[in-house]
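Listed below are the residues making up each chain.
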Amino acid sequence: MANLAPSSPQRLSGAVVRFAGDSGDGMQLTGSQFTTAAALAGNDLATFPDFPAEIRAPQGTTYGVSGFQIHFSSEDIFTPGDAADVLVAMNPAALKTNLKDLKRGGLLIVNSGAFTAANLKKANYAANPLEEDSLSAYQVVAIDITKHTQQAVQSAGVSNKEANRAKNFWTLGLMYWLYGRDLTPTLDWIQSKFTKEPEIGEGNKLALKAGHAYGETAELSHFRYEVPKAVAEPGLYRNIGGNQATAWGLVAAAELSGRPMTMGAYPITPASDVLHELSRHKAFGITTIQAEDEIAAICAAIGASFAGNLGVTATSGPGMALKTEAIGLAITTELPLVIVNIQRGGPSTGLPTKTEQADLLQAVYGRNGESPLPVIAAQSPANCFDMAIEAVRIAVTYMTPVILLTDGYMANGTEPWKIPDVSSLPKIEVKFHTEPEGFHPFVRNDETLARAWAIPGTPGLRHRIGGLEKDYASGHISYDPKNHEKMSLTRAEKVARVADSIPSQTMTEGPDSGKLLVLGWGSTYGAIREAVRKARADGLEVSHAHVRYLNPFPKNLGELLRRFERVLIPELNLGQLSVLIRSRFLIDAKSVNKIQGQPFHTDELGEHIRSALGEMS
Amino acid sequence: MTKLIDPQHLTKKDFETDQDVRWCPGCGDYSILANVQKTMPEFGIHPDNIVWVSGIGCSSRFPYYMDTYGFHTIHGRAPAFATGIKVANPALSVWLATGDGDGLSIGGNHLLHVLRRNVDIKILMFNNRIYGLTKGQYSPTSETGKVTKSTPFGSADQPVDPAGFAFGANASFVSRSIDTDAKNTAEVLRRMAKHVGTAFCEIYQNCNVFNDGAFDAFRGKSAKDQQLHVRHGEPLLFGESGQKGLRLNTRTLGLEVVEIGSPDASGRIVEASDILPHDETNRALGSLLASLPFGPFPVVLGVLFAELRPTYDGTLHTQGLEANSKKGSLDKLLRSGTTWRVE
């Protein structure tokens with residue numbers, strides 16, 4: 001391969017790189033460092049970590065493989081990419097499970113040192129794939145990374161075990177060389193991360209540098225690429241993941257409302273990081289309660305709301321099911337509350353680390369009795385920040401629990417985010433009731449129908465609320481038939497009026513009328529947008545709109561949908577938004593479903609768009 | 001609906017609501033309500049600063065009858081709501097009414113955790129050993145073999161003892177009383193109000209409809225000799241003449257009933273100094289007293305155990321104050337870590 005070396009790196013508009021290895025190999029760390037490097041180089045990017053539910057599954061097995069995919073580009077991108085241009089496989093199991101996602105002709109970097117007889121057996125390889133021609137469709141670079149790393153870190157005086165664990169830094173160093181990245185930020189990161197274990201830090205640094213140097217000396221220049229800066233709006237940027245953005249959005253909402261926040265939570269994948277992040281921010285008046293279970297978590301949050309704080313809880317899958325009864329109480333006592341559901345594969349325990357959008361109908365309808373509440377959904381990692389603020393705004397403006405839906409894909413995925421000017425964020429008005437004259441706990445605001453928020457400790461406003469039906473005119477317990485109907489209609493009308501304060505539905509791609517509309521919600525945003533863009537570039541008559549307000553819908557949504565001949569709704573479920581759209585608007589929407597715990601690929605959506613248009617012509 | 005209250009001279013009336021009390025006539029809950037309404041004014045806490053929280057069941061209607069702030073929540077979860085309320089506003093005096101079904105069946109988990117965390121709230125558990133509001137099924141404190149609507153062949157369950165449960169959950173304050181015993185209930189309530197931490201009180205409460213007479217053996221006026229009222233530092237004496245008492249058997253590490261001036265099992269004459277004095281700071285003694293089976297032993301009432309230790313809400317509040325002294329900057333937070341500028 002040496003004679004092919006060109007003198008300068010090949011210029012590319014973008015690339016998709018996937019790192020895959022054992023769940024103990026540090027692939028998530030490698031991926032996130034590589035991501036930072038891409039961000040600092042000014043690329044647009046999107047990432048997709050994909051890891052098993054087991055913390056350290058048995059070494060070398062296919063079910064213990066952890067992956068991290070990054071798509072970086074000099075152009076606007078919205079997804080972590082379909083197939084990979086480069087696959088880094090740290091062992092046979094990683095190769096076995098990930099090779100199908102590598103483009104034909106793609107670059108395959110493997111750690112040949114891990115292709116031992118034992119590891120090959122664990123991955124069910126009858127023969128070593130590196131020694132036969134089964135990989136001839138790819139450009140294979142097999143390097144004994146294990147051996148090179150051990151040699152590189154010798155002088156740091158670390159154990160063999162620690163030396164082996166530095167493999168990922170060696171690999172990262174090589175990848176930095178291939179894409180012309182600066183080592184400094186990662187070297188600084190290692191320095192700050194390993195202050196207490198300087199030898200390990202030193203070993204990691206040596207490994208990183210050695211991997212980088214290897215690229216040079218092994219004459220891998222013909223695999224060297226350059227991805228120029230993307231054009232982006234001027235401003236200060238950072239990379240952000242969905243859970244972090246959700247937590248920061250909640251912190252911002254506490255600041256914007258001037259109210260302390262109390263979060264009740266119970267650890268659950270993939271929601272725990274929201275708890276972890278919020279627990280660090282006591283300086284913003286945020287208190288977190290790690291409760292004894294999911295039920296206690298939401299109940300503590302409701303208790304805090306009753307007392308005048310912003311009650312928040314975050315959960316996923318089975319945790320959401322457990323909170324159902326308490327959500328009903330928050331609805332009938334009309335207390336503000338934010339419930340973040342970071343959806344994962346279900347039902348029951350399902351696929352804890354995989355993504356899905358199958359809790360939409362549960363969010364909208366899943367409680368006993370007529371129990372409406374606002375449901376909103378974020379559409380990308382950074383968008384979680386804005387939607388978390390929205391959730392708090394709606395909750396306190398309308399005195400209602402609000403469900404914010406995100407999912408595992410956007411929770412763990414990252415994208416560059418233009419850091420907002422804090423002073424430009426709109427304030428959230430919170431006004432407690434203090435006037436005893438004419439007070440009862442269910443006295444309402446004429447415009448929003450929100451009931452008065454009168455908190456314990458307020459002079460002269462002593463009152464009792466609870467889960468029993470209340471009299472419309474006094475707030476006392478009432479079993480009166482007509483009153484129950486009036487209260488049910490009022491609660492429904494109040495939630496319907498949320499539509500008065502949410503933005504109209506806008507288009508993401510294409511004109512707001514025409515042949516085919518692809519309508520999405522949640523984390524499918526990127527894949528749909530990219531697919532529609534490509535289809536439009538190919539001259540197809542298709543548009544994209546993405547719904548963030550799912551209950552109530554934006555007021556103009558029905559009219560917008562009717563301006564298209566056909567509506568296509570792709571979802572990572574068996575057609576839940578379709579059910580809502582069909583029942584609300586009597587529109588014969590066509591459903592596209594995927595329920596594999598994995599996001600849509602742009603290409604598969606492209607095919608659905610083509611076939612939908614094909615059926616119409 | 002707002003009445004004028006003189007905070008210097010709070011009265012029973014100040015704690016009564018205008019709502020009709022809807023318990024069955026003759027229910028023990030009436031006595032408890034009256035005792036609480038009569039005693040609370042003594043605490044000097046304005047009703048505006050008191051919150052009563054409850055779950056579901058007969059006992060959980062309690063907040064509707066107290067003219068304070070009140071939250072009638074969902075079955076078994078009142079301790080979690082109360083925790084949220086107290087954490088959000090530690091200045092509030094938070095009280096919780098629950099029952100044996102609400103607190104020990106569906107809500108057993110939450111009761112365990114609120115007790116061990118030592119959240120500064122006061123819990124009254126009305127124990128009537130039956131499900132009342134659902135019309136008469138056996139409860140987790142019902143005796144084994146109890147015949148009810150849901151157990152026509154007798155219940156196979158073995159009961160839990162509420163005070164014993166509280167000790168198992170590492171409660172910082174455990175007490176007991178009887179619904180109709182106004183004097184002891186008032187004493188216990190005063191102590192609960194003063195206690196900083198979770199104060200737990202089991203109140204034997206007669207359900208005259210579904211489990212009438214459950215506690216007759218020690219509840220009635222004629223059964224006073226079956227009650228042992230504990231007082232810190234005083235000997236554990238009971239009985240009509242006050243000559244019966246509890247002595248520590250050092251061989252079995254258990255308590256035994258003896259009578260002053262009478263011979264014990266070994267023939268030795270029992271002296272007054274043999275009777276164990278009550279030490280409410282002694283967890284082991286409190287636990288022993290809570291677990292004494294009625295029959296061979298009297299029912300033990302009063303403050304069994306009290307210890308001062310940090311509260312959950314207090315610790316969180318202190319952490320919050322410390323963190324708040326360097327007020328967070330949202331702008332700084334969003335810009336923390338790796339950032340880059342696009343020109």
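1. Side note on the interface of chain B and chain A
- If you look at the interface, chain B gives 62 residues, while chain A gives 69 residues.
- Ranking the residues of chain B by area buried against chain A places B:Y69, B:L334 and B:W340 at the top, with a combined share of 16%.
- Between the two partners, chain B and chain A, sit 5 salt bridges.
- In this structure, B:R117 engages A:E292 in a salt bridge whose closest nitrogen and oxygen atoms are separated by 2.9 Å.

2. What to know about the pattern of salt bridges
Residues and elements named next belong to chain A.
- Tallying each qualifying case throughout the model produces 46 salt bridges over all chains.
- The residue E226 makes a salt bridge to R11 at a minimum N-O spacing of 3.5 Å. Residue E226 is located in strand β8 (residues 225-226), and its partner R11 is located in strand β1 (residues 10-11); the two are separated by 215 residues in the primary sequence.
- Residue classification places E226 among the partly exposed positions, given a relative accessible area of 33%.
- On the basis of relative accessible area, R11 is assigned to the exposed category, the value being 58%.

3. Here we look at the sheet that holds strand β16 (residues 414-418) of chain A
- The antiparallel open sheet is built from 3 strands, whose spatial order is β16(A)-β9(A)-β12(B). One side of each edge strand has no neighbouring strand; the edge strands of this open sheet are β16 of chain A together with β12 (339-342) of chain B. With direction set aside, neighbouring strand axes in the sheet form an average angle of 35°.
- Of the pairings in the sheet, the one linking strand β9 (residues 235-241) of chain A to β16(A) comprises 5 bridges and is antiparallel in character. Directly across from A:I240, in β16(A), lies its bridge partner A:E415.
- Packing of helix α9 (residues 242-257) of chain A onto the sheet brings it into contact with β9 and β16 of chain A, and relative to β9(A) it is tilted by some 115°.

4. Concerning the domain arrangement of chain B
Residue and element names in this part refer to chain B.
- We note that the domain assignment places domain 1 (7-234 + 277-314) and domain 2 (236-276) within chain B.
- Taken over C-alpha atoms, the centre of domain 1 sits 30 Å from the centre of domain 2.
- Tallying the contact residues gives 14 residues for domain 1 and 13 residues for domain 2.
- Where domain 1 abuts domain 2, roughly 1,000 Å² becomes buried across the two surfaces, and 77% of that area is made up of carbon and sulfur atoms.
- The three residues of domain 1 that bury the most area against domain 2 are D225, L228 and P277, which together make up 39% of that side's buried surface.

5. Concerning the pairing of strand β10 (residues 254-259) of chain B
Residues and elements named next belong to chain B.
- Where strand β9 (residues 244-249) and β10 come together, 6 bridges link them in antiparallel fashion. Pairing of R247 across the sheet is with E256, part of β10.
- Where β9 folds back on β10, the antiparallel hairpin that results is connected by 4 residues, among which L253 adopts a positive phi of roughly 55°.

6. Quick look at the layout of surface pockets
- Within this model, the second largest pocket holds a volume of roughly 1,100 Å³.
- Taken together, 45 residues line the second largest pocket, and the ones lying closest to its centre are A:D44, A:Y237, A:E415, A:P416 and A:W417.
- Among the secondary structure elements, those contributing two or more residues to the lining of the second largest pocket are β3 (44-50), α14 (383-398), α15 (408-412), β16 and α17 (525-537) of chain A together with β12 of chain B.
- Of the residues forming the lining of the second largest pocket, the biggest block, 5 residues, is contributed by β16(A).
- When grouped by side-chain class, the residues that make up the lining of the second largest pocket number 23 nonpolar, 11 polar and 11 charged.

7. What to know about the environment of B:V119
All names here are of chain B.
- Structurally, V119 can be placed in the loop between α4 (108-117) and β4 (121-127).
- According to the relative accessible area criterion, V119 is buried, its value standing at 0%.
- It is 5.4 Å that separates the C-alpha atoms of V119 and T311, two residues lying 192 residues apart in sequence.
- Not counting the four nearest positions on each side in its chain, V119 is found in contact with T83, K86, V114, G197, T198, Y312 and D313.

8. Section: the nonpolar core
- Judged by nonpolar contacts, the single largest core of 162 residues is most densely connected at A:L519, A:L577, A:I581 and B:L289.
- Looking at this core, the element that brings in the most residues is α14(A), giving 11 residues.
- Split by domain, this core shows at least three residues from each of two domains, domain 1 (7-234 + 277-314) and domain 2 (236-276) of chain B.
- With residues near it in sequence (within four places) discarded, A:L519 still touches A:A545, A:V547, A:L557, A:L561, A:V567, A:L568, A:I569, A:P570, A:L577 and A:I581.
- The next biggest cluster of nonpolar side chains, apart from the first, holds 47 residues, and it includes A:F169, A:L208, B:W340 and B:V342.

9. Some remarks on the packing of aromatic side chains
- With the rule as written, the count across this model stands at 28 aromatic pairs over all chains.
- Between A:F432 and A:W453, the ring centres sit 4.8 Å apart and the planes meet at 75°, which makes this aromatic pair edge-to-face. Here A:F432 is found in the loop between β16 and β17 (464-466), whereas its partner A:W453 is found in the loop between β16 and β17, with 21 residues between them in sequence.
- Its relative accessible area of 22% is what places A:F432 among the partly exposed residues.
- With a centroid separation of 5.0 Å and 45° between ring planes, the pair formed by B:Y204 and B:F215 is classed as tilted. Of this pair, B:Y204 sits in strand β6 (residues 199-204) while B:F215 sits in the loop between β6 and α7 (216-219); the two residues are 11 residues apart in sequence, bridging distant segments of the chain. Residues B:Y204 and B:F215 agree in their burial class; the two are buried.
- Of the aromatic side chains, those joined through ring pairs into one cluster are B:W23, B:Y30, B:F43, B:W52, B:F62, B:Y65, B:W95 and B:F126.
- Just above the ring of A:Y472 sits the side chain of A:K486; from NZ or CZ to the centre is 4.0 Å.

10. Examining empty space enclosed by the protein
- One pass over the full model with this rule turns up 9 cavities of 30 Å³ or more.
- As a volume, the largest cavity reaches approximately 100 Å³.
- Forming the boundary of the largest cavity are 10 residues, of which A:H463, A:R464, A:G475, A:H476 and B:Y64 lie nearest the centre.
- Counted by class, the lining of the largest cavity contains 4 nonpolar, 5 polar and 1 charged residues.
- Of all the secondary structure elements, the ones that give two or more residues to the lining of the second largest cavity are β3 and α15 of chain A.

What counts as what
- Residues numbered from 1 in each chain as written.
- Chains lettered and ligands numbered in written order.
- Predicted model: local features only at pLDDT ≥ 70, side-chain atom pairs only at ≥ 80, totals over all residues.
- Heavy atoms only, no water.
- Contact = heavy atoms within 4.5 Å.
- Buried area = accessible area lost by both parts, 1.4 Å probe.
- Salt bridge = Lys/Arg side-chain N within 4 Å of Asp/Glu carboxyl O.
- Helix = DSSP H or I, 4+ residues; strand = E, 2+ residues; numbered from the N terminus.
- Buried < 20%, exposed > 50% of the residue type's maximum accessible area, 1.4 Å probe, protein only.
- Pairing = 2+ DSSP bridges.
- Axes fitted to C-alpha atoms, helices over the stretch in contact; angles between N-to-C directions.
- Domains from an automatic or database assignment.
- 1 Å grid on protein atoms, 1.4 Å probe; cavity = no way out; pocket = protein on both sides within 12 Å on 5 of 7 lines; lining within 4 Å.
- Points joined across faces, edges and corners; volume = space filled by probe spheres on them.
- Nonpolar A, V, L, I, M, F, W, Y, C, P; charged D, E, K, R; others polar.
- Core = buried A, V, L, I, M, F, W, Y, C linked by side-chain atoms within 4.5 Å.
- Phe/Tyr/Trp six-rings, centres within 6.5 Å; stacked < 30°, edge-to-face > 60°.
- Lys NZ or Arg CZ within 6 Å of the ring centre and 35° of its normal.

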